[in-house]
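# Descriptive structure summary
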Amino acid sequence: MPGCCTRRGIAPFLTGKIITGVQVRERRLRWPIPSNLAARVTGRRIAGVTRRGKYILVDCGTKNQAGGLLLHLGMSGSLRILDVRAKAQPHEHFDLLLGKWLLRLRDPRRFGAVLWVGGDIARHPLLAGLGAEPLEDAFTGSFLHAATRTRKAGIKLVLMNASIVVGVGNIYANESLFHARINPRTPAARLSLARCDALAAAVRATLQQALAAGGSSLRDFVHSDGSSGYFQQQYYVYGRAGLPCRVCGTPIRQLRQGQRSTFYCPACQK
Ligand SMILES: [Zn+2]
């Protein structure tokens, strides 16, 4: 099953496999790969693979000892399942060996990470400050309303703040605000509960649509400015400055917020 980079793609393959070793060709990633990693993981069975923000959690805890691998793809990383005999190419810095197979990390810019976390992986400091997962039940209008009461910044910036909600990149923030008919510059604290309800629903629908349309890789989900050709056809505002709004025909406007481009319809988004 040689495949690329999606958590959904690798999860069924990894789950239940026994880790037979690791191969480290370059230790210096965003943080160094621990030198005792092989001793930590060899012989453990992978109980499951989940995602949290930009991190992939490979749970290989045992009854007596919780723990797992924390993987991060950084700016340019990707993961593939390969035959254990597959020769490593440049930038392929790490393999997790799984008998006849291996999970290989390629990361040209080396901003990714491979870390061991003993104990409850969800409590690791890298994960503890992360906000809600937008596709989980806890992400509701009430949550968004409560989380934004002290936030005076424009709602678009707040929506892209990973300490509040994770994984809403620039494209999805723009599109969600359009569907919720909210001006991106509206101070977050001024949004009513009803508008937060509309926004939470729009974020959820926008992400689900992107996933269904093929933007299902972790990288598309996380680095949402990447060119996901499937979803691009359906943009309402993103990248459409000066073009007529698909709903009302008013020219779409563009501005800068926090170094990122914001697109909105001045008529639909009051
Ligand atoms: Zn419009």
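This write-up is about the structure you can find in this document. (Residues numbered from 1 in each chain as written. Predicted model: local features only at pLDDT ≥ 70, side-chain atom pairs only at ≥ 80, totals over all residues. Heavy atoms only, no water.)

## Quick look at the pattern of salt bridges
Under the counting rule described, the total for this entry stands at 8 salt bridges. Across the pair Arg25 and Asp95 runs a salt bridge, and its minimum N-O distance is 2.9 Å. Taken together, the positions of Arg25 in the loop between strand S1 (21–24) and helix H2 (37–41) and Asp95 in strand S6 (residues 92–98) put the pair 70 residues apart, joining distant regions of the chain. On the basis of relative accessible area, Arg25 is assigned to the partly exposed category, the value being 35%. Look at Asp95 and you get buried, because its relative accessible area is 2%. Arg51 serves as the salt-bridge partner of Glu133, at 3.4 Å between the closest nitrogen and oxygen. (Salt bridge = Lys/Arg side-chain N within 4 Å of Asp/Glu carboxyl O. Helix = DSSP H or I, 4+ residues; strand = E, 2+ residues; numbered from the N terminus. Buried < 20%, exposed > 50% of the residue type's maximum accessible area, 1.4 Å probe, protein only.)

## Let's talk about the sheet that holds S1
Two pairing modes exist for strands in a sheet, parallel and antiparallel, and in both the strands are linked by backbone hydrogen bonds. Strand order in this open sheet of 4 strands is S1-S6-S7-S5, and the pairing throughout is antiparallel. A single partner strand is all that each edge strand has here, and the edge strands are S1 and strand S5 (78–83). The average undirected angle you get between the axes of adjacent strands in this sheet is 20 degrees. With 6 bridges connecting them, S6 and strand S7 (residues 101–106) associate as antiparallel partners. If you follow Glu92 over to S7, its bridge partner there is Arg106. (Pairing = 2+ DSSP bridges. Axes fitted to C-alpha atoms, helices over the stretch in contact; angles between N-to-C directions.)

## So, the environment of Gly99
As for its placement among the helices and strands, Gly99 is situated in the loop between S6 and S7. It is 8.3 Å that separates the C-alpha atoms of Gly99 and Lys17, two residues lying 82 residues apart in sequence. Each residue touching Gly99, except ones within four places of it in the same chain, is listed here: Ile18, Thr20 and Val84. (Contact = heavy atoms within 4.5 Å.)

## Brief notes about the nonpolar core
Leu14, Leu37, Leu96, Leu103 and Val114 are the most contacted members of the largest nonpolar core, which has 27 residues in total. Secondary-structure elements contributing two or more residues to this core are helix H1 (7–14), H2, strand S3 (55–59), strand S4 (67–72), S5, S6, S7 and strand S8 (113–118). A per-element tally of this core places H1 first, with 4 residues. Discounting residues that sit within four places of it in the chain, Leu37 has contacts with Val22, Leu69, Phe94, Val114 and Trp116. In terms of nonpolar packing, the next biggest core, distinct from the first, is built from 25 residues, Val158, Val165, Tyr172 and Leu199 among them. (Core = buried A, V, L, I, M, F, W, Y, C linked by side-chain atoms within 4.5 Å.)

## A word on the sheet that holds S3
Taken in spatial order, the 4 strands make up an open sheet running S2-S3-S4-S8, and their pairing is antiparallel. The open sheet has two edge strands, strand S2 (48–52) and S8, and neither has a second partner. Looking at each pair of strands side by side, their axes are set apart by 25 degrees on average, direction ignored.

## Points about the coordination of the zinc ion
Within the first shell, the zinc ion binds the protein through Cys245 (SG), Cys248 (SG), Cys265 (SG) and Cys268 (SG), at distances of 2.2 to 2.4 Å. Classification of the site at the zinc ion as tetrahedral follows from its 4 donor atoms and the range of 101 to 113 degrees in their angles at the metal. Spacing between the donor residues of the zinc ion along the chain follows C-x2-C-x16-C-x2-C. You can see Cys245 sitting in the loop between helix H9 (229–232) and strand S9 (253–257) and its partner Cys265 sitting in the segment after strand S10 (260–264), a full 20 residues away along the chain. Here the two residues Cys245 and Cys265 agree in accessibility, since each one is buried. (Donors = N, O, S within 2.8 Å, 3.2 Å for Na, K, Ca; no water. Tetrahedral: all angles 85-135°; square planar, octahedral: opposite > 155°, others 65-115°.)

Read these as geometric descriptors, not functional statements.
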